[in-house]
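# Tertiary structure, described
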Amino acid sequence: MHIQEWLETVPAVAVYLLVGGVIGLESLGIPLPGEIVLVSATLLAATQDHINPYVLGACAIAGAIIGDSIGYLIGRKGGKPLLEWLGRKFPKHFGPHHVATAERSFQKWGMWAVFVGRFIALLRIFAGPLAGVLKMPYWKFLIANVLGGIVWAGGTVAVIYSVGKVAEEWLKKFSWLGLLAAVLFGLGSLVVMRIKAKKAEAARAAEPAAEPEPVRAAD
């Protein structure tokens, strides 16, 4: 079976649930490739008439907002011990340097860190739980969460779908190339995030320790 014929058999409901579920779990604090799934599903919608981009965007937005809200509640209840537990379970995503980088962003930007965090892989995972751990007022978090979810998820679907429709004939012939490009884009953002985190960790390690005060000799 040709890949295009196979894609036509994929139920639209399955795509909606997959997008909403993966983005929701990622926003909750579980490191999953939400951006890759969203971009790939949107490219699929651009070539498959049975997948509605508006429903797809609504599912992505709902997953982002609900997942972040649950993450906030978990973080508020769990506090710092939660981050320590996540660090032990997912050291590549919730290591001390990742947490420190996210905390600095929250301390500097406040509720804007929740909004902007939607567009940054590291903060997208941390935003909800960390906002709860740091006791950010819920009304501030909710505003930033809703706006960030709409702009990021809805905007991504709108832009990628528009580009996909322009190149629809090309994508129909080379659907697997479009999906491969989406995967490479997501992996590239992940690599950049890890490189930045390692540089930040190296910079902190290179900082000279405070010198102890000299011991004064007894008179």
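Scroll up to find the structure this text is about.
Below is a short write-up of the structure. (Residues numbered from 1 in each chain as written. Predicted model: local features only at pLDDT ≥ 70, side-chain atom pairs only at ≥ 80, totals over all residues. Heavy atoms only, no water.)

### Things to note about the nonpolar core
Within the largest apolar cluster, 21 residues are counted, with the highest numbers of intra-cluster contacts made by V15, V19, I23, L38, I51, L56 and A60. Secondary structure elements with two or more residues in this core: helix 2 (12–28), helix 3 (34–47), helix 4 (53–89) and helix 9 (138–166). Examining the composition of this core, we find that six residues originate from one element, helix 2, more than from any other. V19 has contacts with V37, L38, A41, L56 and A60, leaving out every residue within four places of it along the chain. (Core = buried A, V, L, I, M, F, W, Y, C linked by side-chain atoms within 4.5 Å. Buried < 20%, exposed > 50% of the residue type's maximum accessible area, 1.4 Å probe, protein only. Helix = DSSP H or I, 4+ residues; strand = E, 2+ residues; numbered from the N terminus. Contact = heavy atoms within 4.5 Å.)

### Notes on the packing of helix 2 against helix 3
Describing two packed helices takes the angle between their axes plus the distance from one axis to the other. In the contact formed by helix 2 and helix 3, the axes pass within 9 Å of each other and the chain directions differ by 160°. Accordingly, the angle class assigned to the pair helix 2 and helix 3 is roughly antiparallel. For the pair helix 2 and helix 3, the crossing hand works out as left-handed. Only G34, E35, V37, L38, A41 and L44 of helix 3 make contact with helix 2, whose side of the interface consists of V15, L18, V19, V22, I23 and E26. The residue inventory of the contact of helix 2 with helix 3, partitioned by class, reads nine nonpolar, one polar and two charged. (Axes fitted to C-alpha atoms, helices over the stretch in contact; angles between N-to-C directions. Parallel < 35°, antiparallel > 145°, perpendicular 65-115°, else oblique. Left-handed = near helix turned anticlockwise from the far one by under 90°. Nonpolar A, V, L, I, M, F, W, Y, C, P; charged D, E, K, R; others polar.)

### Re the packing of aromatic side chains
Aromatic rings in a pair are described by how distant their centres are and how their planes are angled relative to each other. The tally for this structure, following the rule as stated, stands at five aromatic pairs. Ring centres 5.2 Å apart and planes at 55° place the aromatic pair Y72 and Y138 in the tilted group. Of the two residues, Y72 is situated in helix 4 and Y138 in helix 9; the sequence distance between them amounts to 66 residues. Here Y138 falls in the partly exposed class, since its relative accessible area comes to 37%. Measuring from ring centre to ring centre gives 5.7 Å for W112 and F115, while their planes differ by 85°; the resulting arrangement is edge-to-face. (Phe/Tyr/Trp six-rings, centres within 6.5 Å; stacked < 30°, edge-to-face > 60°.)

These values are about where atoms sit, not about what they do.
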